[in-house]
Amino acid sequence: MSQAPVTLESQALSKTYYSTDPPTEVLRGIDLTVRTGEFLVIMGASGSGKSTLLYSVSGMDRPTSGNVVLEGRELTSLSDAEMSTVRLTRMGFVFQQPHFLSNLDVRDNILLPALKAAPRGGRHAAVTRVDALMARFGIAHLKDHGITQVSGGQLQRASICRALAGEPAVLFADEPTGALNSTMSTEVMDALTDVHRDGTTIVMVTHDPGCAARGDRVIYLRDGVLVDSAELGPWQEDEAQRREDELLVWLRKLGF
Ligand SMILES: Nc1ncnc2c1ncn2[C@@H]1O[C@H](COP(=O)(O)OP(=O)(O)O)[C@@H](O)[C@H]1O
Ligand SMILES: [Mg+2]
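Residues numbered from 1 in each chain as written. Chains lettered and ligands numbered in written order. Predicted model: local features only at pLDDT ≥ 70, side-chain atom pairs only at ≥ 80, totals over all residues.

## Here we look at the overall build of the chain
Filter applied, for reference: Helix and strand definitions here come from DSSP, where helices need a minimum of 4 consecutive H or I residues and strands a minimum of 2 consecutive E residues; each element is numbered from the N-terminal end. Atoms counted for the radius of gyration: C-alpha only. Globule rule: 2.2 Å times residue count to the power 0.38. Here a residue counts as buried when 20 or more other C-beta atoms sit within 10 Å of its C-beta, as exposed when there are 12 or fewer, and as partly exposed otherwise, the C-beta atoms being derived from the backbone. With C-beta atoms placed from the backbone, a contact is any residue pair whose C-beta atoms sit within 7 Å.
Along the backbone of the chain there are eight helices and ten strands. In terms of overall size, the chain behaves like a compact globule, its C-alpha atoms giving a radius of gyration of 18 Å where 256 residues would be expected to give roughly 18 Å. Oriented by its inertia axes, the alpha-carbon framework of the chain measures out at about 45 × 45 × 40 Å. Relative to its 256 residues, the chain shows a buried fraction of 42%. In the chain, 70% of the contacts between residues at least 6 apart in sequence involve partners at least 24 apart.

Listed below in structure tokens is the structure:
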């Protein structure tokens, strides 16, 4: 992993909310390096700033200070419009609760951002890619279904398809299994593991050590400071329990 180029980097990243009195310092000088193809997991107690970190490096939220560099390009100086384009074309997002439009079927929901991002005449390529993704993640048969007609696990796999449809440089996932039972959670983590094997760079927040064990590396956030990291190496199914157990020991030491 150490030889791979860097896809995403932050330096001295800080985020303070001034809407509160006193101001809330949520991120305090985060230095982060995510290598191309890496599956990085962010853990930490509730309120430690995990989501804020994800939003700050992906430009959904403006950091107070510091730098974010994606594929060699400084993001913090971009205009809102430029940032939206970067998000649409170079980033994919999976949230705890998938946001889908209820007036569109599953496939059109997945297609929507890819069509927006597609160059003129690129519709055909986007449709082909989305159909292939839906087949790969076992939801091809649901393409005409309404979003209320599919299970939570299927919907989350649909949101992974949507996030991948534009061939992003980074897939960001914030507690992607947080609202799912353990069977659906495994489905979704299997899908993300597959995405990672294909070479997609993933940055995922989770509070579930079993999900975190899928990553190559886990970093731990405490009160907006990165306090430790654990190198797990490439995921191997037959070592799932050992990886999770080791993570639990590490997490306990950190007071998780
Ligand atoms: N818009 C906001 N204004 C003030 N404080 C906020 C705002 N958004 C988040 N926070 C605070 O920032 C801290 C970190 O939040 P968050 O990043 O959501 O944590 P996590 O994802 O680790 O649970 C929390 O204490 C939260 O209350
Ligand atoms: Mg959060």
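## So, the site of ligand 1
Rules: Think of it this way: take the backbone, place a C-beta atom on it, and check whether that atom is within 6 Å of the molecule or strand, in which case the residue is near it. Here the term charged refers only to Asp, Glu, Lys and Arg, the term nonpolar to Ala, Val, Leu, Ile, Met, Phe, Trp, Tyr, Cys and Pro, and the term polar to all other amino acids, Gly among them.
Ligand 1 sits among 13 residues. The nearest are Tyr17, Val26, Lys50, Ser51 and Thr52. Mapped by element, the contributors of at least two residues to the shell around ligand 1 are β2 (24-35) and α1 (50-57). The dominant element in the shell around ligand 1, judged by the number of residues it contributes, is α1, at three residues. By residue class, the composition of the shell around ligand 1 is two nonpolar, ten polar and one charged.

## Here we look at the sheet that holds strand β10 (residues 225-231)
Short version of the rule: Pairing between strands requires that DSSP locate at least two bridges from one strand to the other. For helices, the fitted axis covers only the stretch in contact; all axes are lines through C-alpha atoms, and the angles between them, taken along N-to-C directions, range from 0 to 180 degrees.
Reading across the sheet, the six strands line up as β6-β7-β8-β3-β9-β10 and stay open at both edges, with mixed pairing between neighbours. Among the strands making up the open sheet, the edge pair consists of β6 (91-94) and β10. When strand polarity is set aside, the average angle formed by the axes of neighbouring strands in this sheet is 20 degrees. In the packing of helix α5 (residues 152-164) onto the sheet, the strands contacted are β6 and β7 (170-174), and the crossing angle to β6 comes to about 170 degrees.

## Details of helix α6 (residues 182-197)
Applicable threshold: A helix is expected to span 1.5 Å for every residue after the first.
For α6, spanning 16 residues, the distance from its first C-alpha to its last is 22 Å, which sits close to the expected 22 Å at 1.5 Å a residue. If you check which residues of α6 are buried, you get Ser185, Glu187, Val188, Met189, Ala191, Leu192, Val195 and His196. Positive backbone phi, at 105 degrees, marks glycine 199, one or two positions downstream of α6.

## Focus: unusual backbone geometry
Note that the residue after aspartate 21, namely proline 22, is joined by a cis bond; omega there is 5 degrees. With respect to the helices and strands, proline 22 occurs in the loop between β1 (6-17) and β2. Notably, glutamate 175 is not glycine yet its phi reads approximately 50 degrees, a positive angle. Even without being a glycine, aspartate 223 presents a positive backbone phi close to 45 degrees.

## Quick look at helix α4 (residues 123-136)
In a regular helix each residue adds 1.5 Å, so 14 residues correspond to 20 Å; α4 covers 20 Å between its end C-alpha atoms and thus fits that length. Check the buried side of α4 and you find it contacts α3 (106-117) and α5. Positive backbone phi, at 70 degrees, marks glycine 138, one or two positions downstream of α4.

## Regarding the packing of α5 against α6
Here is the rule we go by: Roughly parallel covers angles under 35 degrees, roughly antiparallel covers those over 145, roughly perpendicular covers 65 to 115, and oblique covers all other angles. Crossings are classed by handedness, with left-handed meaning an anticlockwise turn of the near helix from the far one by less than a right angle and right-handed meaning a clockwise turn.
With their axes 8 Å apart at the nearest point, α5 and α6 run at an angle of 20 degrees to one another. With respect to their mutual orientation, α5 and α6 come out roughly parallel. Considering only the axes of α5 and α6, their crossing is right-handed. Residues Gly152, Gly153, Gln156, Arg157, Ile160 and Leu164 of α5 form the contact with α6, whose own contacting residues are Met184, Glu187, Val188, Ala191, Leu192 and Val195. In the contact of α5 with α6, the residues fall into seven nonpolar, three polar and two charged.

## Notes on the packing of α3 against α5
Put simply, α3 and α5 touch, their axes get as near as 7 Å, and they point 30 degrees apart. If you check the angle between α3 and α5, you find them roughly parallel. In this structure, α3 meets α5 at a crossing whose hand is right-handed. Packed against α3, whose contacting residues are Val106, Asn109, Ile110 and Pro113, the element α5 presents Ala158, Cys161 and Arg162 at the interface.

## Some words on the sheet that holds β2
The four strands lie next to each other as β2-β1-β4-β5, forming an open sheet whose pairing is antiparallel. Edge positions in the open sheet fall to β2 and β5 (73-74), since each of these has one partner strand only. Sheet topology places β1 next to β2; nine bridges connect them, and they run antiparallel. Bridge pairing in β2 places serine 10 opposite leucine 32. Packed on one face of the sheet, α1 meets β1, β2 and β4 (65-70) and runs near 60 degrees to β2.

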